[in-house]
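Listed below are the residues making up each chain.
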Amino acid sequence: MIPMILKMKILNRSGRKTTLYLPLFLLWILLLPLFILIFAILLIAGIIAWAAGHRYVLIIIPLVISCTCNLKGLLVDVESRDETIYMEFM
Amino acid sequence: MSAEKRKILEMLAKGTITTEEAERLLIALDASENMQNSVKTVTRPTPKYLKVIVEPAADHPEGERVNVRVPMNLIRAGLKWLTFIPKEVQGKVESALKEQGIDMDFQRMKPEDMEELVHNLNDLQVEVDDGKEHVRVFCE
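Residues numbered from 1 in each chain as written. Chains lettered and ligands numbered in written order. Predicted model: local features only at pLDDT ≥ 70, side-chain atom pairs only at ≥ 80, totals over all residues. Heavy atoms only, no water.

Asker: Please clarify how the packing of aromatic side chains should be interpreted in this entry.
Answerer: What describes a pair of aromatic rings is the distance from one ring centre to the other and the angle between the planes of the rings. This structure, assessed with the given rule, holds 1 aromatic pair over all chains. Across the ring face of Tyr86(A), the terminal group of Lys9(A) is positioned such that the distance to the ring centre comes to 4.9 Å. Above the plane of the ring of Tyr49(B) lies Arg69(B), whose end atom (NZ or CZ) is 4.5 Å from the centre. (Phe/Tyr/Trp six-rings, centres within 6.5 Å; stacked < 30°, edge-to-face > 60°. Lys NZ or Arg CZ within 6 Å of the ring centre and 35° of its normal.)

Listed below in structure tokens is the structure:
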């Protein structure tokens, strides 16, 4: 599933805690027209590159989409003496 | 009572089979059911996440704590990038793995091999303790 929200928490030494919920779904909506345009250009470029023997250009598109769509659930939480950073794709 | 057992008893009642034959059939049926049950208990759920946890040792509390949870689907997607590793680098990785006793050929790796690799990560459990930090890698 494609991540819809990115939750970020930053806690610094002074005890100030910042929690951010970044609405990724808005980003996807904004990027969709751009993506469709880029996708068409990439597809043409990929087909030309495929004919020239560079097959990876065409393969790279579904791989990038696949990685982006599977980011949901990724969690990184680093807690040091000075700072705590928490990031979760939801 | 299962449908198979009922059928055997019906056949016995009608006289189609003898008592000994019915007994043999019931024993065979029980053995088959037991085998199916044991297979069910062996089957484990597919792990959803790979977790990496780093914790400082009790006598080094100033150390960093790290908790990383990577979805298995992201690992599956990431493994597909293996095809983009240049051949000369693949050769170096393969020879390094061979030195460790792991025979791996990236060129011949198929999607089903990748799936098997990810599925077998379920058994993965790495624990490293160097006195300062305790690192755990496991699937859940």
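Asker: Could you clarify how one ought to interpret helix H1 (residues 3-14) of chain B in this entry?
Answerer: Working note: α-helix, 3.6 residues per turn, so residues spaced by three or four point in the same direction. The first and last C-alpha atoms of H1(B) sit 16 Å apart over 12 residues, in line with the 16 Å expected at 1.5 Å per residue. Immediately downstream of H1(B), the backbone of Gly15(B) shows phi near 85 degrees, a positive value. (Helix = DSSP H or I, 4+ residues; strand = E, 2+ residues; numbered from the N terminus. Expected span 1.5 Å × (residues − 1).)

Asker: Please clarify how the side chain of Arg69(B) should be interpreted in this entry.
Answerer: Following the sequence through the fold, Arg69(B) ends up in strand S2 (residues 65-71). When sequence neighbours within four positions are dropped, the list of residues in contact with Arg69(B) reads Gly73(A), Leu74(A), Leu75(A), Glu88(A), Tyr49(B), Leu50(B) and Lys51(B). (Contact = heavy atoms within 4.5 Å.)

Asker: Sorry, what's going on with a nonpolar patch on the surface here?
Answerer: All names here are of chain A. A cluster of nonpolar side chains, namely Met4, Ile5, Tyr21, Phe25, Leu26, Ile29 and Met90, defines an oily patch on the protein surface of about 630 Å² accessible area. Of all the elements, helix H1 (residues 24-51) adds the most residues to the nonpolar patch, at 3 residues. Tracing the backbone through its elements, the reader meets Phe25 in helix H1. (Patch = residues over 30% accessible without salt bridge, like charges linked within 9 Å, V, L, I, M, F, W, Y side chains within 5 Å. Areas by Shrake-Rupley, 256 points an atom, 1.4 Å probe, with all protein chains shown as cover. Salt bridge = Lys/Arg side-chain N within 4 Å of Asp/Glu carboxyl O.)

Asker: I'm lost on the interface of chain A and chain B in this one. Help?
Answerer: Many structure descriptions define interface size as the accessible area lost when the parts assemble. Listed as interface residues are 20 residues of chain A and, on the opposing side, 18 residues of chain B. Summed over both partners, the interface of chain A with chain B buries about 1,600 Å², with 65% contributed by carbon and sulfur atoms. When the area that chain A buries against chain B is broken down by residue, the three leading residues are Leu63(A), Asn70(A) and Leu75(A), summing to 30%. Across the pair Glu88(A) and Arg69(B) runs a salt bridge, and its minimum N-O distance is 3.1 Å. Linking chain A with chain B are 5 residue pairs in polar contact (both at pLDDT 80 or more). Of all the elements in the fold, those that place two or more residues in the side of chain A that touches chain B are helix H2 (56-69) and strand S3 (75-79) of chain A. With 7 residues, H2(A) is the largest single contributor of residues to the side of chain A that touches chain B. By residue class, the composition of the side of chain A that touches chain B is 11 nonpolar, 4 polar and 5 charged. Across 5 bridges, S3(A) lies against S2(B) in antiparallel orientation. Within the sheet, the bridge partner assigned to Val76(A) lies in S2(B) and is Val68(B). (Buried area = accessible area lost by both parts, 1.4 Å probe. Polar contact = N/O pair within 3.5 Å; in protein donor to acceptor, adjacent residues only side chain to side chain. Nonpolar A, V, L, I, M, F, W, Y, C, P; charged D, E, K, R; others polar. Pairing = 2+ DSSP bridges.)

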